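Report on the structure
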Amino acid sequence: MSCAVWAAVAWRSQDDDDPGKLVWWLAAQGVGWLMLAAVAFLGRGGLGRPAVLGWALCFRLCGLFAEPVLEDDHFRFLWDGRVFAQSGDPYARAPAASFQDPALPVEFQRILDQVNHPHVPTVYGPVCQLGFLLGHQVAPGRLWPWKLLLLAAEIAVVLALRRRLTDRCLLLLAWCPLAVAETAFNVHPDALGVALLVLAGTVRQPWLAGVLAAASGGAKVFGWLLAPFLLARRGRAGWVAFVLTLAALYLPFLQDGGRAEFAGLSAMATGWEFNSSVHAVVSAVLGPTAARGVCLVAFAAVWLAVWRRWRKRSVGTVAPPDTALPGGPVFGAFFLLSATVNPWYLLWLWPFVALRPTWTGLTALAAVSLSYCTGQNLGLAGLGPSDHPVWVRPVEFGLLGLAALVDMRRARPEPV
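Residues numbered from 1 in each chain as written. Predicted model: local features only at pLDDT ≥ 70, side-chain atom pairs only at ≥ 80, totals over all residues. Heavy atoms only, no water.

This brings us to the confidence of the model for the chain. Averaged over every residue, the pLDDT of the chain is 92; the share at 70 or more is 96%. Every residue in residues 319-323 is under pLDDT 50, and counting partners more than four places away or in other chains gives 14 contacts. (pLDDT = per-residue confidence, 0-100. Contact = heavy atoms within 4.5 Å.)

Tracing the backbone shows His 136 in helix H6 (residues 126-138). Excluding residues within four positions of it along the chain, His 136 makes contact with Gly 81, Arg 82, Ala 85, Phe 108 and Gly 141. (Helix = DSSP H or I, 4+ residues; strand = E, 2+ residues; numbered from the N terminus.)

Further remarks concern the side chain of Glu 154. Tracing the sequence through the fold places Glu 154 in helix H7 (residues 144-161). On the accessibility criterion, Glu 154 (3% relative accessible area) is buried. Those residues within four positions of Glu 154 in sequence are excluded, and the remaining contacts are Arg 60, Ala 179, Thr 183, Ala 191 and Trp 350. (Buried < 20%, exposed > 50% of the residue type's maximum accessible area, 1.4 Å probe, protein only.)

With that settled, the discussion passes to the pattern of salt bridges. Pairing between side chains becomes possible if they bear opposite charge and their charged atoms approach one another. Enumeration according to the criterion identifies six salt bridges in this entry. One salt bridge connects Asp 167 with Arg 49, and the closest N-O pair in it is separated by 2.7 Å. Of the two residues, Asp 167 is situated in helix H8 (residues 167-175) and Arg 49 in helix H3 (residues 49-64); the sequence distance between them amounts to 118 residues. Since its relative accessible area comes to 28%, Arg 49 is described here as partly exposed. (Salt bridge = Lys/Arg side-chain N within 4 Å of Asp/Glu carboxyl O.)

What follows concerns the nonpolar core. Ranked by size, the top nonpolar core spans 117 residues in total, and within it Trp 6, Phe 185, Phe 331, Phe 335 and Leu 346 carry the most contacts. Contact partners of Phe 335, with chain neighbours within four places excluded, come to Phe 222, Val 341, Tyr 345, Leu 346, Trp 348 and Leu 349. (Core = buried A, V, L, I, M, F, W, Y, C linked by side-chain atoms within 4.5 Å.)

We now examine unusual backbone geometry. Backbone geometry places Leu 70, a non-glycine residue, at a positive phi of 60°. Relative to the assigned elements, Leu 70 resides in the loop between H3 and helix H4 (73-87). Taking the relative accessible area as the measure of exposure, Leu 70 reaches 21% and is therefore partly exposed. The residue Asn 275 is not glycine, and still its phi comes out positive at about 60°. Secondary-structure assignment places Asn 275 in the loop between helix H14 (262-271) and helix H15 (278-286).

Here helix H13 (residues 235-254) spans 28 Å end to end across 20 residues, near enough to the 28 Å set by a 1.5 Å rise per residue. Among the residues of H13, Gly 238, Ala 241, Phe 242, Thr 245, Leu 246, Leu 249, Tyr 250 and Phe 253 are the ones counted as buried. Looking at the buried residues of H13, the elements they touch are H4, H6, helix H11 (206-219), helix H12 (227-231) and H14. (Expected span 1.5 Å × (residues − 1).)

Considering the arrangement of structural elements, one finds Gly 375 in helix H20 (residues 375-378). Taking the relative accessible area as the measure of exposure, Gly 375 reaches 3% and is therefore buried. Ignoring any residue separated from it by four or fewer positions in sequence, one finds Gly 375 in contact with Leu 380, Leu 383, Gly 384, Pro 385 and Asp 387.

Once that is clear, we can look at a negative patch on the surface. Residues Asp 15, Asp 16, Asp 17 and Glu 67 make up a contiguous surface patch of negative charge. Relative to the helices and strands, Asp 16 resides in the loop between helix H1 (2-12) and helix H2 (21-42). (Patch = residues over 30% accessible without salt bridge, like charges linked within 9 Å, V, L, I, M, F, W, Y side chains within 5 Å. Areas by Shrake-Rupley, 256 points an atom, 1.4 Å probe, with all protein chains shown as cover. Lys, Arg positive; Asp, Glu negative; His and termini not counted. Charge placed at Lys NZ, Arg CZ, Asp CG, Glu CD.)

As a further point, take the packing of aromatic side chains. As enumerated under the stated definition, the model contains 31 aromatic pairs in all. Taken together, a centroid distance of 5.3 Å and an interplanar angle of 35° make the contact between Trp 6 and Phe 185 tilted. Here Trp 6 is found in helix H1, whereas its partner Phe 185 is found in helix H9 (residues 177-185), with 179 residues between them in sequence. The buried category is assigned to Phe 185, whose relative accessible area is 0%. When the centroid spacing of 6.2 Å and the interplanar angle of 85° are considered together, the rings of Trp 25 and Tyr 372 count as edge-to-face. Of the two residues, Trp 25 is situated in helix H2 and Tyr 372 in the loop between helix H19 (359-367) and H20; the sequence distance between them amounts to 347 residues. Looking at Trp 25, the relative accessible area reads 0%, which means it is buried. The class of Tyr 372 is buried, set by a relative accessible area of 3%. Site record: aromatic cluster; members linked through ring pairs are Phe 222, Phe 299, Phe 331, Phe 334, Phe 335, Trp 344, Tyr 345, Trp 348 and Phe 352. Taking NZ or CZ as reference, Arg 82 lies 5.3 Å from the ring centre of Phe 108, over its face. (Phe/Tyr/Trp six-rings, centres within 6.5 Å; stacked < 30°, edge-to-face > 60°. Lys NZ or Arg CZ within 6 Å of the ring centre and 35° of its normal.)

Below, the structure written as structure tokens:
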């Protein structure tokens, strides 16, 4: 049933004018979660690991034949790949600078017309840009090479963690509807950074861990939040490899005043807000500028507290295993305090929720897709394209709060 639903999504995604996209997009993910729960909790004897992994691959193969749903970020990926191939620097100019280019092929004129925020330089790191470049070299203006790269990244995550997971946790990792929707269908690049992060936590060679940790941050800056935890017990070799890899990735784009992806990230950090929780509340009281400062300080305090506790617990270990990395609290706090929380951002929580499932983590992965209920997707004229109706965030974060209360109650010691 789950595979049939994803196949139906792939079929209906071909219709650009379908007014019911939001309904069936959310319904498909809901069915995915229900089928996952049915196998995990109601099945007798389970499917067996080969069947779980085989069906997970089938879900993702449906995405190879689909168009992205309710998303247009993929046009930026295709555009960046062309610019990288043509100029060697995808960060040098914003897409809008090419609006009047008479030499632009018709196919890329169509792609450029659909790039969102065309006046803002790209926000994707060098590792993603290398992936976009590879896709352009294989098939210019086509998404299927990029889809295959992301499929390989997801397979790497599952293979790296499969021996560390129970059958139910492997089922969650392999069948997670958010991962299927945002990677196989909407082709967001976060799975690439997540895969590099997971591999950095599982390899034994310190230098390789350093290379992979740097590459994870080079795909998306979220990866750097866990880099110190990954390298703390890896010795000097890990840190040297980390620094050298960062230099190799970024120095070509920082020459002559270049800023790599940081120009675009700066514009995003100072001017964008979407699906925030704590930040939205603080912003309503202090204003958006002060809210960003307050939330940044709060996250720094949380990160330092997690670091201190983790260091204390890992004393005496040579290299903490990936299961000990505090990805849940670090990424969870970061997203609660962020001004922008897109659904695909929570893929950074995905492997850590599978390693240590909690109701809070599961609810976050499931409820974040409610953020697709925007003025544009609902067809509400009284709202901005990215604005939410008043009920969306109370429902989304209310469910998250209830799940957190359940987890706290379960963690409370029983009275003697």
